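Coordinate inspection notes
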Amino acid sequence: MKLLKEKIVQEGKVLSEQVLKVDTFLNHQIDPVLMQAIGEEFAARFKDAGITKILTIESSGIAPSMFAGLTLGVPVVFARKRKSLTLSGNLYTSKVYSFTKNETNDISVSKDFINSDDVVLIIDDFLANGQAALGLMEILEQANARNAGVGIVIEKGFQTGGSLIREKGVRVESLANIKSLENGQVTFFEETATV
């Protein structure tokens, strides 16, 4: 996605060969025009998948998921990382390790919001080691819901997450796939046509 790649190059900050900071438009401050375009792109790529819900994880996956949900006309459910007084019992849960935060979180989704009739698109901001997507996939398995695929805003293709998910036979659509962050430069994989 050209607009996203331009934004990454212009505003992203390469902090190391593993870490890209995009807090000016994606995961701290949010660019709503870009998020709308991202949501519309996910909706276009998955328009024929019969999606009934979108599942993401708080908090950076919520903005792109909302615009995709708006375009597709389906609800967005987000897995919570923290316990809440209003979210107790009757939950699907999974453990997710965050490389950037160096911590493991229990994520939870109420059983009221996803069930075996649902066809669910998972959306997240980053795909690196794949732990968030795998945790969300585990929640879908617990719900006996169908996984329509995984939509990723930025994939770090040089890390193992994308391979782990694709090896499970799950469709992954990344809007920007980074080949390298070496020497402080962002290099992208060439896009391949999606059918």
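Just above sits the structure.
What you see is a predicted model; the values in this text were computed from it and never measured.

Now for the sheet that holds strand E4 (residues 76-79). Taken in spatial order, the six strands make up an open sheet running E4-E3-E7-E8-E9-E10, and their pairing is mixed. The two strands at the open ends of the sheet, each matched to only one other strand, are E4 and strand E10 (187-188). Alignment of strand E3 (residues 53-57) against strand E7 (residues 119-127), held across three bridges, turns out to be parallel. Among the inter-strand pairings, Lys53 is bridged to a residue of E7, identified as Val120. In the packing of helix H1 (residues 2-11) onto the sheet, the strands contacted are strand E8 (146-156), strand E9 (172-180) and E10, and the crossing angle to E9 comes to about 35°. Running over the sheet, helix H3 (residues 62-72) touches E3, E4, E7 and E8 and is turned about 175° from E3.

A few words now on unusual backbone geometry. Each neighbour pair has its own omega, and for Glu58 with Ser59 the value is 0°, a cis peptide bond. One can find Ser59 in the loop between E3 and H3. With a phi angle near 55°, Asn144 is a residue other than glycine that sits in the positive phi range. Residue placement: Asn144 occurs in the loop between helix H4 (131-143) and E8. Looking at Asn144, the relative accessible area reads 58%, which means it is exposed.

We now examine the pattern of salt bridges. Within the structure shown, the criterion is met by 10 salt bridges. Where Arg45 meets Glu173, a salt bridge forms, and the shortest distance between an N and an O atom there is 2.9 Å. In this pair, Arg45 sits in helix H2 (residues 32-45) while Glu173 sits in strand E9, placing the two residues 128 residues apart along the sequence. Among the charged side chains, a salt-bridge network with shared partners connects Glu41, Arg45, Arg171 and Glu173.

What follows concerns the packing of H1 against H2. Put simply, H1 and H2 touch, their axes get as near as 10 Å, and they point 140° apart. In terms of orientation, H1 and H2 fall into the oblique class. The handedness of the crossing between H1 and H2 comes out as left-handed. Across the interface between the two elements, Leu3, Leu4 and Lys7 of H1 pack against Leu34, Ala37 and Ile38 of H2. Grouping the constituent residues of the contact of H1 with H2 by class yields five nonpolar, no polar and one charged.

With that settled, the discussion passes to the pairing of E4. The side chains of a regular strand alternate, residue by residue, between the two faces of the sheet. Alternating residues of E4 divide into Val77 and Ala79, all buried, and Val76 and Phe78, none buried. Once you follow E3 into H3 and on to E4, the crossover reads as right-handed.

Moving on, we get to H2. The end-to-end C-alpha distance of H2 is 20 Å, a good match for the 20 Å that 14 residues give at a rise of 1.5 Å each. The set of residues buried in H2 consists of Leu34, Met35, Ile38, Gly39, Phe42, Ala43 and Arg45. Backbone nitrogen of Val33 and a side-chain oxygen of the N-cap are separated by 3.0 Å at the start of H2; the cap is Asp31.

What counts, and at which threshold
- Residues numbered from 1 in each chain as written.
- Predicted model: local features only at pLDDT ≥ 70, side-chain atom pairs only at ≥ 80, totals over all residues.
- Heavy atoms only, no water.
- Pairing = 2+ DSSP bridges.
- Helix = DSSP H or I, 4+ residues; strand = E, 2+ residues; numbered from the N terminus.
- Contact = heavy atoms within 4.5 Å.
- Axes fitted to C-alpha atoms, helices over the stretch in contact; angles between N-to-C directions.
- Buried < 20%, exposed > 50% of the residue type's maximum accessible area, 1.4 Å probe, protein only.
- Salt bridge = Lys/Arg side-chain N within 4 Å of Asp/Glu carboxyl O.
- Parallel < 35°, antiparallel > 145°, perpendicular 65-115°, else oblique.
- Left-handed = near helix turned anticlockwise from the far one by under 90°.
- Nonpolar A, V, L, I, M, F, W, Y, C, P; charged D, E, K, R; others polar.
- Right-handed = clockwise from strand over helix to strand, strands pointing away.
- Expected span 1.5 Å × (residues − 1).
- Polar contact = N/O pair within 3.5 Å; in protein donor to acceptor, adjacent residues only side chain to side chain.

The values reported here are purely geometric and, on their own, carry no functional implication.
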